[in-house]
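# Understanding the architecture of this molecule
One letter stands for each residue in the lines below.
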Amino acid sequence: MIRAFGGAKALVHYGGGSAVRSGLLERVCASLSEAGVDYVTLGGVVPNPRLSKVREGIALGRAEGVDFLLAVGGGSVLDSAKAIAYGLANEGDVWDFYSRKRVPSACLPVGTVLTLAATGSEMSNSSVITNEEGWLKRGLSSSYGYCRFALLDPALTLSMPMEQTMSGCTDILMHALERFFTREAQGELIDEMTYALMRTVIRHTRRLHHDLSDLDSRAQIMWASEAAHNGMCGDRTLGDWASHQLEHELSGMFDVAHGAGLAALWPSWARYVCSSGTARFAALARNLFDIRMPDDEACAYAGIDAMEALFREIGMPVRIHELGITLSDEQIDLLARKCSYDHSRTIGKIKALDEEDMKNIYRQAR
Ligand code: NZQ
Ligand code: ZN
């Protein structure tokens, strides 16, 4: 497959060791050798992948004449591979693209053997990198950022421990939710597909919470992670994404698992903005949790309670302190300053949130 996309020498990128322990990396390398594809390896990607590793990959890729990136791991490994691919295909500092100073005009081809169902990066045009200088976590979305192929074998996800599995399931649910909270009507079909996707994710998340070795549920969740983030459930750019923006600052500064960070923030975000989108929240409550209250407002808040209860049920935090972080007022100010890009932007579609709103939500979630 790498050859079919013009690759002659691949950089095989992996994480902290799970792909080594499972024997997957060895199998991948053997398969490359068998296919006559030259390769070099670079491991050590950490969750919330770092810019320094990206720079290391770019230097290695240049020295070795790499023309293809193969990510073997989860979303962090894949996002790091995408960043290296941007760095190798463009002149100058790759961080410029993430800090929005410049836009990329090319990217080396990227493929992945995925070991974790969560981010949907294998189907999205996004990549999220953390710069250790200032602990800024920034996303880059561009039409060059799609994978050429993604090999999805749910059996590879069986070794994921409980917390990581539940965190991944939460992220998938949130990708559908972020798109659902839009001001632009995307049509009945998109809404109905979104409800079906979310119900399926909830059902199989519960099954996995009971039994991590349920291969059918692993497969349903993996498939859902694609559908949640590939545009089938609504255009990404029309969605709300405030919870994601708030969370990226949290995981950038405190290195928490992305899905867990989302669970810790979402209930507070939802209650903060609910009155600006009552009908949408009520529709979610009725279609997802079968809440039958005739009054929209009561129904909307009951739906938020139900989502929070679901997060609790699967062991996710629903407040920031449950992540083991005690936020000071100064830290909240800093999170909001970073999230507002130094007082220069608002976030969110259901309700546009300025820096003060961001502080209020962090405070309520604390
Ligand atoms: O490093 P290894 O040893 O591989 O361990 C990883 C890591 O510790 C482990 N793991 C992966 N597959 C495993 C496994 N452990 C046992 N068995 C397996 N089969 O899981 C840990 C977490 O991995 P990571 O890749 O960090 O998780 P995830 O896939 O949730 O990726 C999270 C990152 O993606 C970003 C997040 O912000 C975060 O930085 N996102 C990327 C998006 C995108 N590109 O479209 C969208 C998302 O909203 C998100 O922001
Ligand atoms: Zn996410």
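Thresholds, definitions, all that
Residues numbered from 1 in each chain as written. Chains lettered and ligands numbered in written order. Predicted model: local features only at pLDDT ≥ 70, side-chain atom pairs only at ≥ 80, totals over all residues. Heavy atoms only, no water. Axes fitted to C-alpha atoms, helices over the stretch in contact; angles between N-to-C directions. Helix = DSSP H or I, 4+ residues; strand = E, 2+ residues; numbered from the N terminus. Left-handed = near helix turned anticlockwise from the far one by under 90°. Contact = heavy atoms within 4.5 Å. Nonpolar A, V, L, I, M, F, W, Y, C, P; charged D, E, K, R; others polar. Donors = N, O, S within 2.8 Å, 3.2 Å for Na, K, Ca; no water. Salt bridge = Lys/Arg side-chain N within 4 Å of Asp/Glu carboxyl O. Buried < 20%, exposed > 50% of the residue type's maximum accessible area, 1.4 Å probe, protein only. Near = heavy atom within 4 Å. Polar contact = N/O pair within 3.5 Å; in protein donor to acceptor, adjacent residues only side chain to side chain. Areas by Shrake-Rupley, 256 points an atom, 1.4 Å probe, with all protein chains shown as cover.

## Observations concerning the packing of helix α7 (residues 188-210) against helix α8 (residues 215-229)
At a minimum axis separation of 9 Å, α7 and α8 run at an interaxial angle of 145°. Pair α7 / α8 crosses with left-handed handedness. Within the contact between the two elements, α7 uses Leu197, Val201, His204, Thr205, Arg207 and Leu208 and α8 uses Asp216, Ser217, Arg218, Gln220, Ile221, Ala224, Ala227 and Ala228. Taken together, the residues of the contact of α7 with α8 break down into seven nonpolar, four polar and three charged.

## A short note on the coordination of the zinc ion (ligand 2)
Every protein donor of the zinc ion (ligand 2) is accounted for by Asp171 (OD), His175 (NE2), His244 (NE2) and His258 (NE2), and the metal-donor separations fall at 2.0 to 2.2 Å. Counting along the primary sequence, the residues that act as donors to the zinc ion (ligand 2) give the motif D-x3-H-x68-H-x13-H. Of the two residues, Asp171 sits in helix α6 (residues 162-180) while His244 sits in helix α9 (residues 242-254), which places them 73 residues apart along the sequence.

## What to know about the side chain of Asp191
Position of Asp191 relative to the elements: it lies in helix α7. For Asp191, the contacting residues outside a window of four places in its chain are Phe180 and Arg280.

## Quick word on the pattern of salt bridges
The tally for this structure, following the rule as stated, stands at 19 salt bridges. Here Arg102 ties to Asp96 by a salt bridge, and the two come within 3.0 Å at their closest N and O atoms. Exposure remark for Arg102: the relative accessible area of 33% places this residue in the partly exposed category. By relative accessible area, which is 15% here, Asp96 ends up buried. Salt-bridge contacts for Lys359 lead to Glu356; the nearest nitrogen and oxygen are separated by 3.3 Å. Highlighted residues: Lys359 and Glu356, both in helix α14 (residues 355-365), separated by three residues, approximately one helical turn. What you see here is one network of salt bridges that share partners, running through Arg271, Asp305, Glu308 and Arg319.

## Focus on the site of ligand 1
In the vicinity of ligand 1 there are 32 residues, among which Gly16, Ser18, Gly75, Ser76 and Lys137 approach most closely. Interatomic distance of 2.8 Å between a side-chain N/O atom of Ser124 and an oxygen atom of ligand 1. Note that an oxygen atom of ligand 1 is positioned 2.7 Å from one of the side-chain N or O atoms of Lys137. In isolation ligand 1 offers 960 Å² of accessible surface; the protein chains occlude 89% of this area. Breaking the shell around ligand 1 down by element, the ones donating at least two residues are α4 (75-89), β5 (126-131), α6 and α9. Here the residues of the shell around ligand 1 are counted per class, giving eight nonpolar, 21 polar and three charged.

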